[in-house]
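# Examination of the molecular architecture
Okay, here's what each chain looks like letter by letter:
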Amino acid sequence: MTDQSTALTSQTAAQIAALISAGEASAVDVTQAHLDRIASTDGALHAFLRVDAEGALSAAQAVDDKRKAGEPLGPLAGVPLALKDVVVTKGLETTSGSKILSGWIPPYDATITSRIKDAGIIILGKTNMDEFAMGSSTENSGFGPTRNPWNLDRVPGGSSGGSSAAVAGSLAALGIGTDTGGSIRQPAAVTGLVGHKPTYGGVSRYGLIAFSSSLDQAGPFGRTVLDTALLHETIAGHDPADSTSIPSPVPPVVAAARAGAGGDLTGLRVGVVRELGGQGFDDGYEPGVLSSFAQAVDVLTELGAEIVEVSCPHFGYALAAYYLIAPSEASSNLARFDAVRYGMRVGDDGIRGLDEVMALTRQAGFGAEVKRRIMIGTYALSSGYYEAYYGQAQRVRTLISRDFEAAFAGADVLVSPSTPTVAFPLGARTEDPLAMYAADLCTLPASLAGTPAISVPSGLADGLPVGLQIMAPTLADDRCYRVAAAVESALDARRGHPLLQEVPIR
Amino acid sequence: MTAISRDDVAHLAHLARLAVTDEELDLFAGQLEVILESVAHVADVAADDIPPTTHAVPLTNVTRPDRLGPSLPPEEVLAAAPAAEGGRFRVPRILDEPA
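Quick caveat, the model's predicted, so the values are computed rather than measured.

As a further point, take the overall build of chain A. Scanning chain A for helices and strands turns up 17 helices and 11 strands. For a compact globule of 506 residues, the expected C-alpha radius of gyration is about 23 Å, and chain A comes in at 21 Å, within 12% of that figure. Projected onto its principal axes, the C-alpha positions of chain A cover 65 × 55 × 45 Å. The buried share of chain A, taken over its 506 residues, is 64%. Long-range pairs, those at least 24 residues apart, make up 76% of the contacts in chain A between residues at least 6 apart in sequence.

All names here are of chain A. For the peptide bond that leads from Gly-158 to Ser-159, omega is 10 degrees, which places it in the cis range. Its place among the elements puts Ser-159 in the loop between β3 (122-127) and α6 (161-168). Here Ser-170, not a glycine, exhibits a phi torsion of approximately 60 degrees, which is positive. Assignment of secondary structure puts Ser-170 in the loop between α6 and β4 (174-179). With 23 C-beta atoms packed within 10 Å, Ser-170 lands in the buried category. The backbone phi angle of Leu-475 is positive, close to 65 degrees, even though this residue is not glycine.

The next thing to look at is the sheet that holds strand β5 (residues 194-197) of chain A. Residues and elements named next belong to chain A. Pairing is mixed in the open sheet, where 11 strands are placed in the order β1-β3-β2-β4-β6-β5-β10-β11-β9-β7-β8. The open sheet has two free edges, formed respectively by β1 (48-51) and β8 (306-310), since each of these has just one partner strand. For this sheet, the mean inter-axis angle between neighbouring strands, taken without regard to orientation, is 30 degrees. Looking at chain direction, β5 and strand β10 (residues 453-461) are connected through 3 bridges and run antiparallel. Residue pairing for β10: Gly-195 is matched across the bridge by Ser-455. Sheet contacts for helix α17 (residues 477-495): β5, β9 (413-417), β10 and β11 (464-471); angle to β10, the most-contacted strand, approximately 20 degrees.

This paragraph deals with the interface of chain A and chain B. Each partner contributes residues to the interface: chain A has 61 residues there, and chain B has 47 residues. For the side of chain A that touches chain B, the secondary-structure elements that each account for two or more residues are α11 (318-333), α12 (354-365), α13 (368-380), α14 (387-410) and α15 (433-437) of chain A. Element by element, the count of residues in the side of chain A that touches chain B is highest for α14 of chain A, at 11 residues. Of the residues in the side of chain A that touches chain B, the class split is 33 nonpolar, 18 polar and 10 charged.

Attention shifts here to the pairing of β5 of chain A. Residues and elements named next belong to chain A. Every second residue of β5 is oriented toward a common face, with Val-194 and His-196 on one face and Gly-195 and Lys-197 on the other, all of them buried. Judged from the 2 bridges that link them, β5 and strand β6 (residues 217-222) form a sheet pairing that is antiparallel. Pairing of Val-194 across the sheet is with Gly-222, part of β6.

Let's shift gears to the pairing of strand β7 (residues 269-273) of chain A. Residue and element names in this part refer to chain A. Of all 5 residues in β7, 4 are buried; the element is thus mostly enclosed. As defined by bridge partners, β7 adjoins β8 across 5 bridges and the pair is classed as parallel. Residue pairing across strands places Arg-269 opposite Glu-306, the latter belonging to β8. Bridge count for β7 against β9 is 3 bridges, and the pairing is parallel. The residue of β9 that forms the bridge with Val-272 is Val-415.

Parameters at a glance
Residues numbered from 1 in each chain as written. Chains lettered and ligands numbered in written order. Predicted model: local features only at pLDDT ≥ 70, side-chain atom pairs only at ≥ 80, totals over all residues. Helix = DSSP H or I, 4+ residues; strand = E, 2+ residues; numbered from the N terminus. Rg over C-alpha atoms; globule rule 2.2 N^0.38 Å. Buried ≥ 20, exposed ≤ 12 C-beta atoms within 10 Å, placed from the backbone. Contact = placed C-beta atoms within 7 Å. Pairing = 2+ DSSP bridges. Axes fitted to C-alpha atoms, helices over the stretch in contact; angles between N-to-C directions. Nonpolar A, V, L, I, M, F, W, Y, C, P; charged D, E, K, R; others polar.

Okay, here's the thing in structure tokens:
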């Protein structure tokens, strides 16, 4: 790889857009540099399920033509992006990481796909993921695992692990993930990225392949807080095609990221959640994660924030409630894979009936974790069990939201580690579903309450990235960005360089 | 204690239209039991007087203007189907007698 193309792939999205808009680099050159990087490194990472070189170069050419014609360019025009394969793309195969959808070419674009294209952002391809976004390591993909650019023997988190690996490995400047229980924040944390789960309803879900409809939310990955905010503003906002989309203005996340970079948090009240890695609740948390978290809290104090301890007594039930609600909704959503309208069909020999063909197709097309969750959900929704499981989980969800309300009465934002451990080795948790679920321990409460939360790097433990989670009240996404930007600039200044500069793969 | 037998798994799999092998019955019986046991403690929370939350952001009766718009072309939709015939989805037989 030439020095010039390395230089282009190591820039932030904001820098790339500035170079293109000033005519110092063409969008085609930027895109080609990233395609070259994918060609040289993705054999080892497997971040992408498919690369759309032709589509990317033609979108880049359109940006260059627009600039030459003197038309105004958006703030991310020409910037290459990695799109999670749960988001449908017209004319480009979309599988949601499942063999059952192998070969499916969607006839329409998701709303966020259209918004990304309209902004002149270049979609390089579709990224690997846990099948139907069910998992925390990307090992549940129907198409093989993705590896972490920090250490190829470790997972990149999940379910959006293809996007996190692509952005952390400089194969793309930006990434899109979806977060149902932590699937943006946890992969961001373990790959040293910034990842934000917007307020539920803040970003359109039209054209996202549904997993758990009351929890699913798409959001941005970036290498900096500002890049992440710029992508957030591009994809967010009301969409009449999604009935859960909130009809209110997008929170001013870009302005908040710029303001936060100034580093002054005087007067801000930061709540440390006792039940999420706070004092006395360190079970399952690695010491390196807890010490990185403590240092981040010290940084917040130095920046002028007032630290208060808050208790959210029902957060301890979040994991149980989540692993009832999400599978229940999944068992219903995944009923659409019926071997009739799209995807795989197995055993249609002219003799077998529809029910049997459907059952054989779903056996062949779904992986083990998807089958487990469909059956758990079927169980939890069965008459006789409904009240004790699904109904009770929904009540716990109310109590978790009330814990948040009480905590936000005394704090402007809440903080915790993003995930209890650094990236674990491939294979370490695949035989133990409960150990895999525990990776989402810290991220689940905000998922259940629908509140926004961001993960920003707090440093390294044993040479692997650790994330700080910042949670804010509904529609106060801008607070997450403000605090994250302040932490980022303070830690970058202390370190002398951005954390991602230490990624070993070149 | 939530005991899940092979028969329970077979019943759930049937309800969910999932074919399962004998080995899967054993594997899933053990795993589902462990998972259900670990989530059963949601019942420990005294919450009889607590209303359930179905959605984090309560929006009700969301409507949009009833306007004519283009639909997807039938040939594009059918192109994604595993089998199509005469402009329709072709399904395996749905009645009991073999064709």
